[in-house]
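Listed below are the residues making up each chain.
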Amino acid sequence: MAEVERERMEYDVVVVGAGPAGLAAAIRLKQLATAAGTELGVCVIEKGSEVGAHILSGAVFEPRALNELLPDWRERGAPLNTPAVEDRFLYLTANRALRLPTPPQMHNHGNYIISLGNLCRWLAKEAEELGVEIYPGFAGAEVLYDEDGRVRGVATGDMGIGRDGEPTERYTPGVELIAHETIFAEGCRGSLTKTLIERFGLREGTDPQTYAIGVKELWEVAPEHHQPGLVVHTIGWPLDKGTYGGSFLYHLEDRQVAVGFVIGLDYKNPFLSPFEEFQRFKTHPAIRDFFAGGRRISYGARALNEGGFQSIPRLDFPGGALVGCAAGFINVPKIKGSHTAMKSGMVAAETVFARLSGDAGGDGGATVREALQRSWIWDELYRVRNIRPSFRLGLWGGLLYSALDTYVLRGRAPWTMHHHPDHTQLIPASAAPRIQYPRPDGQISFDRLSSVFISNTNHEEDQPPHLRLRDPAKAIAINYRLYDSPEQRYCPAGVYEIVEEAGTGEKRLQINAQNCVHCKTCDIKDPEQNIDWVVPEGGGGPNYPNM
Ligand SMILES: Cc1cc2nc3c(=O)[nH]c(=O)nc-3n(C[C@H](O)[C@H](O)[C@H](O)COP(=O)(O)OP(=O)(O)OC[C@H]3O[C@@H](n4cnc5c(N)ncnc54)[C@H](O)[C@@H]3O)c2cc1C
Ligand code: SF4
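Just so it is clear, the model here is predicted, and its values are computed rather than measured.

### Details of the sheet that holds strand S16 (residues 245–251)
On the basis of which strands lie adjacent, the open sheet formed by 7 strands has the order S6-S5-S15-S16-S17-S14-S18 and mixed pairing. The outermost strands of the open sheet, each flanked by one partner alone, are strand S6 (97–100) and strand S18 (295–305). Each strand axis lies, on average, 20 degrees off the axis of its neighbour in the sheet, ignoring direction. Across 9 bridges, strand S14 (residues 211–220) lies against strand S17 (residues 256–264) in antiparallel orientation. Residue Leu 218 lies in a different strand from S17, and its bridge partner there is Ala 258.

Put into structure tokens, the structure is as follows:
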């Protein structure tokens, strides 16, 4: 294809990703510029068709960072409508539910049950009022570098490239967004972030990042089963004792209940299906009543970081920084990362603003990482750093260690436990027990395709695949032969299917990329790291209403 001149737009700061981290960064930048009486051009791009379309979270929201960013959020109408009023922590066996004391990190007094997608929509409005330019439907597809190797912005993807890589009649070239500083706020396992981490060696000297997959549904439940403000977490069944994970069930406003299941991606059995574990969980006698007479409204999935303190990479590189879950600031025992995502965006904004203002004597000399080390994020994550890795000792070992670490050592243990990469953890299929999942009943439990249908996922069909195999031969030679193609089961959208070639009967991996809900699990869990998730044409993907 002939080189086409791309349009170019220039800003002081470009932010990639309109999640809580990116929007908090953009708002803080504009607040600082207003206070200093200077002009500052700030632009945010978002790959979803609108802000919030790709946001999926729990979510119980801790308002600490929001209080700092927009202290008058109540008067400004922020969608924090349901205070958390009761916490229940349950251990499930196949037929019973035992109530356990709620760990202190999971006390939610003062927090709110929200839709993070709706909070982002509101933050975007606040940002625009301050003069931030927001472009939904534009995916950052390429990092731009100057001749010295400094990041000088990003290019959005071309639109209208056909499956064969040739331009179609819809063709519109991408746009170059040039900036003095570029803040990457792509969330967990960002695709451009992945290239930056590699290019600048940002993980040198830190633990690998580790992850979980969260599968979620939004329900409208019968009025008699609705208790606004109720927060329920479960551990135990249906997972075995060696697999880390559990469920959440949050009662929001308007008879809505957010229910989801999170499973650590260090799971070992290639026959495990996070989607089906979640469906099975909902049929538990202590859980299914919540949904009787209710209606499922939406479905989706997203990976989340679990590495915590010891996996925070270097955040700074020439020309920009990483913030939010792109870097990884989730407090795993709290199951919360939106408050830390926002705070990291704000701190990065302050650092970048000082740098742009030439305040080298003040904070202009600090890196984002140094500035974050002085913020509450650092202490919060340091204190809980050993809790997630302790679950390597199994469920009961992990719970016992966590109690000791929390109540006796108070997070100040003189040791730090380390992480192993998730993709190395699968055992061969020949050594793993097969798991028989029950058939969905269509009332409480469902199949994958009807679930993807209500995620409103849509991708232009005639476009190059956005799920790329580095070596296509490995799909059968390794993934299928050794692990019985675990991607058939861990993908929550049924994107990967092993099919038989007509005639020869040979096995082949079929990739139904149009179903992809952008959870990024395949990019993380593939045992050979053979799958690269890259952005599809902007605007493609799920269209979550209020997830
Ligand atoms: C199942 C689940 C439950 C959770 N529960 C809670 C909870 O109860 N409480 C809590 O506080 N936290 C919770 N979290 C964590 C929380 O959702 C994250 O910590 C938070 O969303 C991180 O914010 P972020 O802005 O860094 O990333 P994200 O929220 O992921 O936002 C990133 C944005 O960037 C966009 N983007 C990505 N790449 C590009 C690109 N190349 N170009 C353009 N746009 C791009 C994405 O579409 C998205 O809109 C949960 C997470 C999951 C998955
Ligand atoms: S293809 Fe990958 S990113 Fe897309 S839904 Fe499946 S596992 Fe998630």
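Additional details are given in the paragraphs that follow.
### Digging into the site of ligand 2
For ligand 2, the set of nearby residues contains 13 residues, the closest of which are Cys 491, Cys 516, Cys 519, Lys 520 and Cys 522. When each cavity is represented as a set of grid points, ligand 2 is found to reside in the second largest cavity. Along the lines of polarity and charge, the residues of the shell around ligand 2 split into 11 nonpolar, 1 polar and 1 charged.

### Here we look at empty space enclosed by the protein
The full count for this structure, using the stated rule, is 5 cavities of 30 Å³ or more. What the second largest cavity holds in volume is close to 80 Å³. As for the second largest cavity, its lining consists of 15 residues, of which Cys 491, Pro 492, Cys 516, Cys 519 and Cys 522 are closest to the centre. Class assignment of the residues belonging to the lining of the second largest cavity gives a composition of 12 nonpolar, 2 polar and 1 charged.

### Remarks on the nonpolar core
Leu 249, Phe 281, Phe 291, Leu 467 and Tyr 496 are the most contacted members of the largest nonpolar core, which totals 81 residues. Every residue in contact with Phe 281, bar those within four places of it in the chain, is listed here: Leu 92, Thr 234, Trp 237, Pro 238, Ser 247, Leu 249, Val 259, Phe 261 and Ile 287. With 78 residues, the next largest nonpolar core counts Val 15, Val 44, Phe 200 and Ala 321 among its residues.

### Concerning the side chain of Thr 340
You can see Thr 340 is positioned in helix H6 (residues 338–356). With relative accessibility at 0%, the residue Thr 340 sits in the buried group. At a separation of 2.7 Å, a polar atom in the side chain of Thr 340 contacts the main-chain carbonyl oxygen of Phe 329. Within the structure, Thr 340 has its side chain in polar contact with the backbone oxygen of Gly 337 (distance 3.1 Å). Residues in contact with Thr 340, not counting those within four places in the same chain, are Phe 329, Ile 330, Trp 376, Ile 377 and Glu 380.

### Focus: the sheet that holds strand S4 (residues 82–83)
With antiparallel pairing, the 3 strands of this open sheet are ordered in space as S3-S7-S4. Each edge of the open sheet is held by one strand with a lone partner, namely strand S3 (60–61) and S4. Where S3 and strand S7 (residues 112–113) come together, 2 bridges link them in antiparallel fashion. Bridge pairing in S7 places Phe 61 opposite Tyr 112.

### Considering the environment of Asp 405
With respect to the element layout, Asp 405 can be found in helix H10 (residues 395–408). In this structure the side chain of Asp 405 is engaged in a polar contact, spanning 2.6 Å, whose partner is the side chain of Tyr 401.

### Quick word on the site of ligand 1
Taken together, 37 residues lie near ligand 1, and Glu 46, Ser 57, Val 60, Cys 325 and Ser 338 sit nearest. Between ligand 1 and Gly 337, the relevant distance is 3.0 Å, taken from a nitrogen atom to a main-chain nitrogen or oxygen of the residue. Measuring from an oxygen atom of ligand 1, one finds a side-chain N or O atom of Ser 338 at 2.6 Å. For ligand 1, the protein covers 97% of the area, taking 1000 Å² as the surface of the free molecule. Those elements giving two or more residues to the shell around ligand 1 turn out to be helix H1 (20–36), strand S2 (42–46), S16, S18 and H6. Counted by class, the shell around ligand 1 contains 21 nonpolar, 11 polar and 5 charged residues.

### What about the pairing of strand S12 (residues 167–172)?
By the bridge criterion, 2 bridges tie strand S11 (residues 159–161) to S12 in an arrangement that is antiparallel. When the sheet's bridge partners are listed, Met 159 is paired in S12 with Thr 172. The hairpin turn running from S11 into S12, its antiparallel successor, is 5 residues long, and Gly 165 in that turn takes a positive phi close to 85 degrees.

### Digging into the side chain of Thr 182
Assignment of secondary structure puts Thr 182 in strand S13 (residues 175–184). A relative accessible area of 0% means that Thr 182 is categorised as buried. When residues no more than four places from it in sequence are discounted, the contact partners of Thr 182 are Val 14, Val 16, Val 151, Arg 152, Gly 153, Val 154, Phe 317, Gly 319, Gly 320 and Ala 321.

### Structural notes on the layout of surface pockets
One way to see where empty space is left: roll a probe the size of a water molecule over the atoms. The volume enclosed by the second largest pocket comes to roughly 710 Å³. Lining the second largest pocket are 31 residues, and of these Ala 141, Gly 157, Arg 468, Val 534 and Val 535 sit closest to its centre. When contributions to the lining of the second largest pocket are tallied by element, the ones reaching two or more residues are strand S9 (140–145), helix H4 (191–199) and strand S24 (531–533). Here the element with the most residues in the lining of the second largest pocket is H4; it accounts for 6 residues.

### Regarding the environment of Leu 272
With respect to the secondary-structure elements, Leu 272 resides in the loop between S17 and helix H5 (274–281). Looking at Leu 272, the relative accessible area reads 4%, which means it is buried. In the structure, Leu 272 is positioned 111 residues away from Ile 161 in sequence and 36 Å away in space, judged by C-alpha atoms. Setting aside chain neighbours within four positions, we find Leu 272 in contact with Thr 243, Ile 263, Tyr 267, Glu 277, Ile 435, Tyr 437 and Arg 489.

Basis of the calculations
- The numbers attached to residues start from 1 for each chain and follow its sequence in the written order.
- A letter from A marks each chain and a number from 1 marks each ligand, given out in the order of writing.
- Under the rules for a predicted model, residues below a pLDDT of 70 receive no local features and side-chain atom pairs below 80 are neither given nor counted, while totals for whole chains, interfaces and linings still include all residues.
- To get the side-chain values, take all heavy atoms of the structure and skip hydrogens and water.
- Pairs of strands are assigned from DSSP output, requiring at least two bridges between the strands.
- Helix numbers and strand numbers start at the N terminus; a helix is a DSSP run of H or I with at least 4 residues, a strand a run of E with at least 2.
- Helix axes are fitted to C-alpha atoms over the stretch in contact, other axes to C-alpha atoms as well, and angles between N-to-C directions run from 0 to 180 degrees.
- Each residue is tested against the molecule or strand, and it is near if at least one of its non-hydrogen atoms lies within 4 Å.
- Grid points spaced at 1 Å and placed over the protein atoms alone form the basis of the search, with a cavity being a set where a 1.4 Å probe fits but cannot get out and a pocket an open set showing protein on both sides within 12 Å along at least five of seven lines. Lining residues have an atom within 4 Å of a point.
- Assignment to a cavity or pocket requires that more than half of a molecule's atoms be within 2 Å of the site's grid points.
- Here the nonpolar group is Ala, Val, Leu, Ile, Met, Phe, Trp, Tyr, Cys and Pro; Asp, Glu, Lys and Arg are the charged ones; every other residue, Gly included, is treated as polar.
- Grid points are joined across faces, edges and corners, and a volume is the space filled by probe spheres set on the points.
- Joining through side-chain atoms within 4.5 Å is the link that ties buried Ala, Val, Leu, Ile, Met, Phe, Trp, Tyr and Cys residues into a set, and such a set is a nonpolar core.
- Exposed residues in this analysis have more than 50% of their type's maximum accessible area, buried residues have under 20%, and partly exposed residues fall in between, with area computed by a 1.4 Å probe over protein chains only.
- In what follows, a contact means two residues having at least one pair of non-hydrogen atoms within 4.5 Å.
- Identification of polar contacts relies on pairs of N or O atoms within 3.5 Å, with a donor-acceptor requirement for protein atoms, meaning one able to donate a hydrogen and the other able to accept it, and with residues adjacent in sequence counted only if both atoms are side-chain atoms.
- Using the Shrake-Rupley algorithm and a 1.4 Å probe, accessible areas are obtained, with residue cover drawn only from the displayed protein chains.

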